[in-house]
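Each chain, letter by letter, is given below.
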Amino acid sequence: MAAPEETPPPVLSLRGVGKTYPSPGGDVHALRAVDLDLFAGELVVMLGPSGSGKSTLLHVLGGLDAPSRGIVRFRGRELSFADAGRITAYRRTQVGFVFQFYHLIPSLTARENVALAADVAKAPMAADEALALVGLTPRADHFPAQLSGGEQQRVAIARAIVKRPAVLLCDEPTGALDAATGRTVLQALQRIHRQLGIVTVLITHNAAIGAMADRVLHLHDGAIARELRNTTPADPATIGW
Amino acid sequence: MRALATKLRRDLRQGWLQYLSIALLLALGIALQVGMHSTMATLADAQARYYAATRFADAWCSLVRAPLPVADRLRAVDGVAHVATRLVDLARLDLPGVAEAVQARLVSLPQHGRPAIDDLRLVRGRWPDPEHDDEALLLDTFAAARALALGDVVRMIVRGRACAVTVVGLARSPEYVYVAAPGGLFPDDRRFGVAWLRERALAAWTGRTGAFDDVALRFSPGADERAVLAAVDTVLAPYGGMGSYARKDHPSHFFVANELLQLRTFATFVPLAFLLAAAFLVHVVLGRLVLTQRGAIAVLKALGYRDGEIARHYLALAGLVALSGAVLGLLGGAWLGDALTGAYAPYYRFPDLAWSPAAGPTALAVAVATAAALLGALGPVRSVLRLPPAEALRPPAPPSFRDSLLDRSGLVRLLPTRARTVARELARRPLRTGGTVLGAAFAVALVVFGSFAYDAVMHLLHVQFSLSYRADAQLRFVEARGDEALGSVRALPGVQAATPLQAAAVRLVAGPRSRRTAILAVPMGSDMLVARDADLRPIAVPAEGLLLARSLADALGVRAGDEVRVEDLGGARRTGVATVARIATTYVGASAWMAPDALRRLLGRPAAAEGALLTLDDDAARTLPGACRDAPQVAAVDVAGSSLRTLRDHVQSNLFRSLAFTVGFALALALGVLFNVVRIAVAERLRDFATLRMLGCRDGEVRALLVGEVAFTALLGAPLGLWLGQRSAALLTSSRGFANEQFRLPLLVTPRTQALALLALAVATLLATWAGWRRCRRLDPLAVLKAQD
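Small disclaimer: the values here were computed from a predicted structure and weren't measured.

Reading the values: the criteria
- Residues numbered from 1 in each chain as written.
- Chains lettered and ligands numbered in written order.
- Predicted model: local features only at pLDDT ≥ 70, side-chain atom pairs only at ≥ 80, totals over all residues.
- Heavy atoms only, no water.
- Contact = heavy atoms within 4.5 Å.
- Buried area = accessible area lost by both parts, 1.4 Å probe.
- Salt bridge = Lys/Arg side-chain N within 4 Å of Asp/Glu carboxyl O.
- Polar contact = N/O pair within 3.5 Å; in protein donor to acceptor, adjacent residues only side chain to side chain.
- Helix = DSSP H or I, 4+ residues; strand = E, 2+ residues; numbered from the N terminus.
- Nonpolar A, V, L, I, M, F, W, Y, C, P; charged D, E, K, R; others polar.
- Buried < 20%, exposed > 50% of the residue type's maximum accessible area, 1.4 Å probe, protein only.
- Pairing = 2+ DSSP bridges.
- Axes fitted to C-alpha atoms, helices over the stretch in contact; angles between N-to-C directions.
- Phe/Tyr/Trp six-rings, centres within 6.5 Å; stacked < 30°, edge-to-face > 60°.
- 1 Å grid on protein atoms, 1.4 Å probe; cavity = no way out; pocket = protein on both sides within 12 Å on 5 of 7 lines; lining within 4 Å.
- Points joined across faces, edges and corners; volume = space filled by probe spheres on them.
- Parallel < 35°, antiparallel > 145°, perpendicular 65-115°, else oblique.
- Left-handed = near helix turned anticlockwise from the far one by under 90°.

Asker: Just checking my understanding: could you explain the interface of chain A and chain B for this structure?
Answerer: Size of an interface: often given as the accessible area lost when the parts come together. On the chain B side, the residues contacting the 23 residues of chain A number 24 residues. Buried surface at the junction of chain A and chain B, summed over both partners, amounts to about 2100 Å²; 61% is from carbon and sulfur atoms. Across the chain A-chain B interface, the total number found is two salt bridges. Ionic pairing is found between B:Arg10 and A:Glu112, a salt bridge with its closest N-O pair at 2.5 Å. Here chain A and chain B share ten residue pairs in polar contact (both at pLDDT 80 or more) between them. With four residues, the top contributor of residues to the side of chain A that touches chain B is helix α3 (residues 110-118) of chain A. Split by residue class, the side of chain A that touches chain B holds eleven nonpolar, five polar and seven charged.

Okay, here's the thing in structure tokens:
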């Protein structure tokens, strides 16, 4: 009898996580008792319509927003959202973010935007190395206004990975891009994910993108409605939408 | 943090105009504070050093004549430490090629050595040789004004006798820091000077050998001033003592001290108000600027930057703006202080008057400016930092417009739809709207304040010289003369009419209060000296009783109908009781008037003219001084036209410069505020403007909204500013430096002043709007809406 395969401990683990926003018309439940484990080397795509709770879940995973209830553990240790210093340290060292609208600092060049994250990391890679990973070496000295949308998003990816994070969180990274540019960005993401072996979570409206994931989570009304595993993740170049 | 430092540098470079305008606003506040306070400190310090170095007297007394040994009795008075006797007289100078009347006060020096009290500061040349009676020192500013040099011979008439002195030195004296001719308001170096001669020479000229007619005293430490003065008066009464007076009543010291007090009043209130206004505005404007960086702050948080690191970044931005403001302000303050000191130098005549910085006010100005900038940035940074980064990353929720007072009042429904956005925008941000309104108001108030001073002084001159003192010229006789002297005066060429002038030096006493002054004996019905009531209507000199200037009546605490005791300090030194018949409005001097007969009955003085007031033909103003040169009984001639011209020139040049300064400052303040508000409004409402354009509004219609917002704030600020200006002017005119016994500035804010203030605001509004207008012209609605979706 073969020895049972030992499951590695999850990098991030959520138990009973909920998030409620008060509003004049009554409380809005953005997340309802979510249980989730994310493992090293995993690329997870979260799908769901607007208001399904994807972004809120991503923000909680990245320490950008505190859950109203439940527990979030990073490498087995509970994240204390009440302690601003510790949650900042978590973001500073372990999490890389990629936003739909890039959020680059317009007064800094591509290299300087990446250096902005490297400056506060413990053992970052060189800004140029991160830019090389996203294929932007020739554009390193350009300001955001001189870059196309796809290039700006790749700078944002370089900025997210320069600190060698344990978790890379991408919020609709192709949402503002056309299909061809979007595919380039997804290729860059997949390449980096494989090279660095980090947990990568990507949220999107676009169901086709799920093809590149190891796991696809469908969110609905603040809960994980369905979970699919994918043993042969597709090359983003082959994804069409 | 190198990347963050780069961001800071680039942000500053990109928004340099806006940051510079904030820095300039702070710089103006700091410059005013530093400039005015340092000038005040420099002057006060120079005054103290000068007084100490020259052993400036504590008290003085003029008298008719006393033998020199009487000085020993003064030395024996308890509280008197030093006594210096001297001779003082008035001379009419006869300068070659000078037609106008020039007078000099002659003051004796000890026969050997230098004065023990009221020493002089020799500027050039040497002291008069005791062996040469014809050598004299001249007041250096007078010598400069008349181009008199060492070695020049000056001819003069002293007590009807022609004399001549050779100028061997130029000097300054603490007694003549402020040199105005008798009856004059401002220094007039061309027409009045001081000359110092050795005692023997002056005694010989005036027939006072072995005697003195003036004395200066220094008190012992802890002396009782009132008791000393009373004892001195007792000693000197038999010798025609005119009543001793302490330093605070010394004419030169009084004017210098009052000028310093006025400067202190200005230096305390004006820069502080400006600095606080600038600080408040910087606080608001910088705060708004930080809020526009909400997205960047959120990204920095998401990247793992600590709150402290982010706060430091924005505080560095504010700090650099404050630092630039401080540096510019300190440089500007040093320049202003140096310029002000230079402008005051000709009037104060302190030796070694060189501007030096004042540490305290400088530190205060820099601290207030820096704190304003830092706190201005810190508040909004903290409010963004408090948000969870996820929330800060989202665009701010649409602002709530439901609770505005404007909507609840229903007023907004009266406005067209597009104008409602302006009204609601203003109502929704009461702090910012208030700040802008206040900024505009401060600018208006500043102009009102500056222009009011100009109007008030011109009005004062008009009342004093056109309504009250209506004579064309004034003569002073060598000695008091009877009515027959008037005949020869009337016979002078060009003289139309002459009125005898008699001034009795008296002390007026009402209960515990008393004042030294002169009662002018004015013939009833005289149209040369006309007292005025509060509404400037002429008041006839009463047949009986005293007519008192308002300031004198207030000082004595009396009203019409009250009685005062009148102690004659000259003549037979009688004491009488007179009723206060009327109170007159005056702005300069603390005078009292009586009908000649009433004065004679009260004090037993014979009707004797010490001089005469004249009305002249058109040409006589020029020829009279020449004609009087041959009349030895005339000690001095003062032609009103020339003294008034000097005065007007003096006032106009000084006040006009300060008015130009004020208007400049006000424009800068208004521009700084409005320009920043427009910039921020454009940045914040670009999306609204783009939407309106997409909905089909014309370019001009969209820009009209921006103009409307600024114009509306300016409109609210204007009346508030006029009111604030009026209040500041009222505050100034009730302060001690501007409302005392000798000088009272009328509270007069003319429609012209108000119009000037509104014009300044209108110019600033137009310029600021034009800047916003230009920015809107470059608006690409599609790009704006896409960028923010």
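Asker: Would you explain the pattern of salt bridges in this entry?
Answerer: Should the charged atoms of two oppositely charged side chains come close, the side chains can pair. Per the stated rule, a full pass over the model turns up 37 salt bridges over all chains. Measuring nitrogen to oxygen at the nearest pair gives 2.8 Å for the salt bridge that ties A:Arg92 to B:Glu309. Here A:Arg92, found in helix α2 (residues 84-94), pairs with B:Glu309, found in helix α9 (residues 307-348), and the two come from separate chains. Take B:Glu309: its relative accessible area is 9%, and that puts it in the buried class. In this structure, B:Asp214 engages B:Arg86 in a salt bridge whose closest nitrogen and oxygen atoms are separated by 3.0 Å. Linking B:Asp214 in strand β10 (residues 211-219) with B:Arg86 in strand β2 (residues 80-86), this pair joins segments that are 128 residues apart in sequence. As far as burial versus exposure is concerned, B:Asp214 and B:Arg86 are alike and both buried. A single network of salt bridges, built from pairs that share partners, joins A:Glu42, A:Arg215, A:Glu227 and A:Arg229.

Asker: Can you help me understand the sheet that holds strand β5 (residues 77-78) of chain A in this one?
Answerer: Strands belonging to one sheet form pairs held by backbone hydrogen bonds; the direction of such a pair is parallel or antiparallel. Residue and element names in this part refer to chain A. One open sheet accounts for four strands, arranged β2-β1-β4-β5; its pairing is antiparallel. Looking at the sheet topology across the chains shown, the edges are occupied by β2 (28-38) and β5. Where strand β1 (residues 12-21) meets strand β4 (residues 69-74), five bridges bridge the pair, whose relative direction is antiparallel. Each residue of the ladder has a partner; that of leucine 12, found in β4, is phenylalanine 74. Helix-sheet contacts for helix α1 (residues 54-61) involve β1, β2 and β4, and the interaxial angle to β2 is about 55 degrees.

Asker: Looking at this structure, I do not really get unusual backbone geometry. What am I missing?
Answerer: It is generally the case that most residues other than glycine have a negative phi and that most peptide bonds are trans. Residues and elements named next belong to chain A. A positive phi angle is found at tyrosine 102, which is not glycine, with a value near 65 degrees. With respect to the helices and strands, the residue tyrosine 102 is situated in the loop between β6 (95-98) and α3. Here tyrosine 102 falls in the buried class, since its relative accessible area comes to 10%. Located in the positive-phi region is histidine 103, a residue other than glycine, with phi close to 50 degrees. Positionally, histidine 103 belongs in the loop between β6 and α3.

Asker: Sorry if this is basic, but what is going on with α1(A) here?
Answerer: The periodicity of an α-helix, 3.6 residues per turn, causes residues three or four positions apart to be oriented the same way. Residues and elements named next belong to chain A. Of all the eight residues making up α1, seven are buried; the element is thus mostly covered by neighbouring parts of the structure. Among all positions of α1, only Lys54, Thr56, Leu57, Leu58, His59, Val60 and Leu61 are buried. Looking one or two residues beyond α1, the residue adopting positive phi is glycine 63, at roughly 70 degrees.

Asker: What am I meant to see in the sheet that holds strand β9 (residues 215-220) of chain A here?
Answerer: Residue and element names in this part refer to chain A. Pairing in this open sheet of six strands is mixed, and the strands run β6-β7-β8-β3-β9-β10 from one edge to the other. Across the chains shown, the open sheet's two edge strands, defined by having one partner strand only, are β6 and β10 (223-229). Ignoring which end each strand starts from, the neighbouring axes of this sheet average 20 degrees apart. By the bridge criterion, five bridges tie strand β3 (residues 43-47) to strand β8 (residues 199-204) in an arrangement that is parallel. Looking at the pairing, valine 45 lines up with leucine 202 of β8. Its contacts with the sheet put α1 on β3, β6, β7 (167-171), β8 and β9, and the angle it makes with β7 is roughly 155 degrees. Of the strands in this sheet, β3, β7 and β8 are in contact with helix α6 (residues 179-196), which crosses β8 at around 160 degrees.

Asker: Just checking my understanding: could you explain the packing of aromatic side chains for this structure?
Answerer: Remark: the centre distance and the inter-plane angle together describe each pair of aromatic rings, the angle taken between the planes. A full pass over the atoms with the stated rule returns nine aromatic pairs over all chains. A centroid spacing of 5.2 Å and a plane angle of 65 degrees characterise the contact between A:Phe74 and A:Tyr90, whose relative ring orientation is edge-to-face. Residue A:Phe74 is located in strand β4, and its partner A:Tyr90 is located in helix α2; the two are separated by 16 residues in the primary sequence. Take A:Phe74 and A:Tyr90: they sit in the same class, and that class is buried. Taking the centre distance of 6.3 Å and the plane angle of 45 degrees together, the rings of B:Phe449 and B:Phe452 count as tilted. Of this pair, B:Phe449 and B:Phe452 both sit in helix α14 (residues 430-468), separated by three residues, roughly a single helical turn. Each member of the pair B:Phe449 and B:Phe452 is classed as buried. Of the aromatic side chains, those joined through ring pairs into one cluster are B:Tyr51, B:Phe56, B:Trp60 and B:Tyr245.

Asker: So what exactly am I meant to see when it comes to empty space enclosed by the protein here?
Answerer: One simple way to see leftover space: roll a probe sized like a water molecule over the atoms. All names here are of chain B. Taken as a whole and assessed by the stated rule, the structure comprises four cavities of 30 Å³ or more. In this model, the largest cavity occupies a volume close to 90 Å³. Taken together, Arg92, Leu93, Asp94, Leu95, Val98, Ala99, Glu100, Ala101, Val102, Pro625, Arg629 and Val637 form the lining of the largest cavity. Of all the secondary structure elements, the ones that give two or more residues to the lining of the largest cavity are β3 (88-94) and α18 (620-629). No other element matches β3, which puts three residues into the lining of the largest cavity. Grouping the amino acids of the lining of the largest cavity by side-chain chemistry returns eight nonpolar, no polar and four charged.

Asker: Please explain the packing of helix α2 (residues 16-54) of chain B against helix α10 (residues 359-386) of chain B as it appears in this structure.
Answerer: Residues and elements named next belong to chain B. One way to put it is that α2 packs onto α10 with a least axis distance of 9 Å and a crossing angle of 165 degrees. Put simply, α2 runs roughly antiparallel to α10. The hand of the α2/α10 crossing is right-handed. Where α2 approaches α10, its residues Leu26, Ile30, Gln33, Val34 and His37 are matched on the opposing element by Pro361, Thr362, Leu364, Ala365, Val366 and Ala369.

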